[in-house]
Amino acid sequence: MALDQASIVSEWVLPALVCAPVTWVCLVFRYKEDGRLLGTVRSALLGLCVVLWTSGTAALASGLLLPLTPSVPPMAVGVATGWGIISRGRGEQTSGRAAMAVLTLGNSLLLHQLAVRLRADRADWCERMAGGFRDCWEIDSFAGDVRRHLLMRVDVPGRTSRSRAAVKREVNERHKEVRAAAQKGFTAETKVERACQQQGRAPYREEVRLVRRAFGEAEQYLRHLLELEHAHGKRSDGEKILELRRRHLAHAEAEGVPGVTGVSAVR
């Protein structure tokens, strides 16, 4: 009886225990550019499901295969199964993908759902951070703080100089896009406001549509910039960005920034 218990522990439990942390590390590595595994409850639960499923697969493979191949250590089965989570690029997209799907008993579906969830979490976060601004100048000012926040966190240990230069270039390019869109929106607002004041009228529907479109473009480019913050920043940085956003909104409210006469109200 004691021998059977020892056999169960060594052949079934041990591979699963070894596989779990290996799987989690591989998940973090695989999705390091896609999002934060612990960012939301849904993504964390999906990540946990992947870990449990992969660990169960390791235990099943070890329990069924080791009697046929006693030379293979049980721990090696757990490590190999967890390591299979790492994406293999194009190789995984062809023949290796089908083999991996069979070996992991449906892990490919869980990994796909996790990738979709992480992208949705990032989009939701960027939507929240970019929303609430009343004019293009508020967006431009907030984007400048986000850019400075990102550039101060690029020079981290372990990142090569080439990688740092690439991130800095991408941050600056996306910030320029926000500034250009904000300038375009402010120009449109000013033009409509001047016409309404000179002619003593409310803005036409086409003018309101023009300002809305320009404002929407500025918001979209701001979300594009915030994607870099979500990708390269830490979880704690989210609170800092939220505080920056609150500060800008509170400052604009304290100053009583009304936006374009008639147009902001319609927006």
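Within each chain, residues carry numbers counting from 1 in the order of the written sequence. Predicted model: local features are reported for residues with pLDDT of at least 70 only, side-chain atom pairs are reported and counted for 80 or more only, and whole-chain, interface and lining totals are derived from all residues. Just so you know, side-chain values use all the structure's heavy atoms and leave hydrogens and water out.

Asker: Please explain a nonpolar patch on the surface as it appears in this structure.
Answerer: Here, patches come from residues exposed beyond 30% relative accessible area and free of salt bridges, joined within 9 Å for like charges and within 5 Å for nonpolar side chains (Val, Leu, Ile, Met, Phe, Trp, Tyr). Here the accessible surface of atoms and residues is derived via Shrake-Rupley with a 1.4 Å probe, and residues count as covered only by protein chains that are part of the display. For salt bridges, the criterion is a side-chain nitrogen of Lys or Arg within 4 Å of an Asp or Glu carboxyl oxygen. On the surface, Trp12, Val13, Leu17, Leu60 and Leu64 cluster together into a nonpolar patch covering about 450 Å² of accessible area. Secondary structure counts use DSSP, requiring at least four H or I residues in a row for a helix and at least two E residues in a row for a strand, with both numbered from the N terminus. Counting residues per element, the ones that place at least two in the nonpolar patch are helix H1 (2–30) and helix H2 (41–65). Broken down by element, the residue count for the nonpolar patch peaks at three residues, all from H1. Position of valine 13 relative to the elements: it lies in helix H1.

Asker: Could you clarify how one ought to interpret the state of the cysteines in this entry?
Answerer: In protein structure, a disulfide is the covalent linkage between the sulfur atoms of two cysteines. By disulfide we mean two sulfur atoms from cysteines, separated by a distance within 2.5 Å. Inspection of every chain in the model, using the stated rule, returns zero disulfides. Cysteine 19 supplies the cysteine sulfur nearest to cysteine 26, a cysteine that is in no disulfide, at a spacing of 8.7 Å.

Asker: Would you mind going over the confidence of the model for the protein with me for this structure?
Answerer: Reading fine detail from the predicted coordinates is not recommended where pLDDT is low. For the protein, mean pLDDT is 81; residues scoring 70 or higher make up 78% of the total. For every residue, the predictor assigns a confidence score, pLDDT, that lies between 0 and 100. We call two residues in contact whenever any of their non-hydrogen atoms come within 4.5 Å of each other. A low-confidence stretch, residues 88–100 stays under pLDDT 50, and its non-local contacts, those more than four residues away or across chains, total seven contacts.

Asker: Before we go on, may I ask you to explain the pattern of salt bridges in this structure?
Answerer: Pairs may arise between side chains of opposite charge once their charged atoms sit close together. Inspection of every chain in the model, using the stated rule, returns eleven salt bridges. For the salt bridge of aspartate 145 with arginine 148, the shortest nitrogen-to-oxygen distance reads 2.1 Å. Here arginine 148 and aspartate 145 lie together in helix H7 (residues 136–151), a separation of three residues that amounts to about one turn. Only protein chains enter the area calculation, which uses a 1.4 Å probe; residues under 20% of their type maximum are buried, those over 50% are exposed, and those in between are partly exposed. With relative accessibility at 18%, the residue aspartate 145 sits in the buried group. Two residues, lysine 184 and glutamate 217, come together in a salt bridge whose shortest N-O distance is 3.5 Å. Highlighted residues: lysine 184 in helix H8 (residues 161–199) and glutamate 217 in helix H9 (residues 205–232), separated in sequence by 33 residues. Residue classification places glutamate 217 among the partly exposed residues on the basis of a relative accessible area of 29%. Within this structure, Arg117, Asp121 and Asp124 form a network of salt bridges that share partners.

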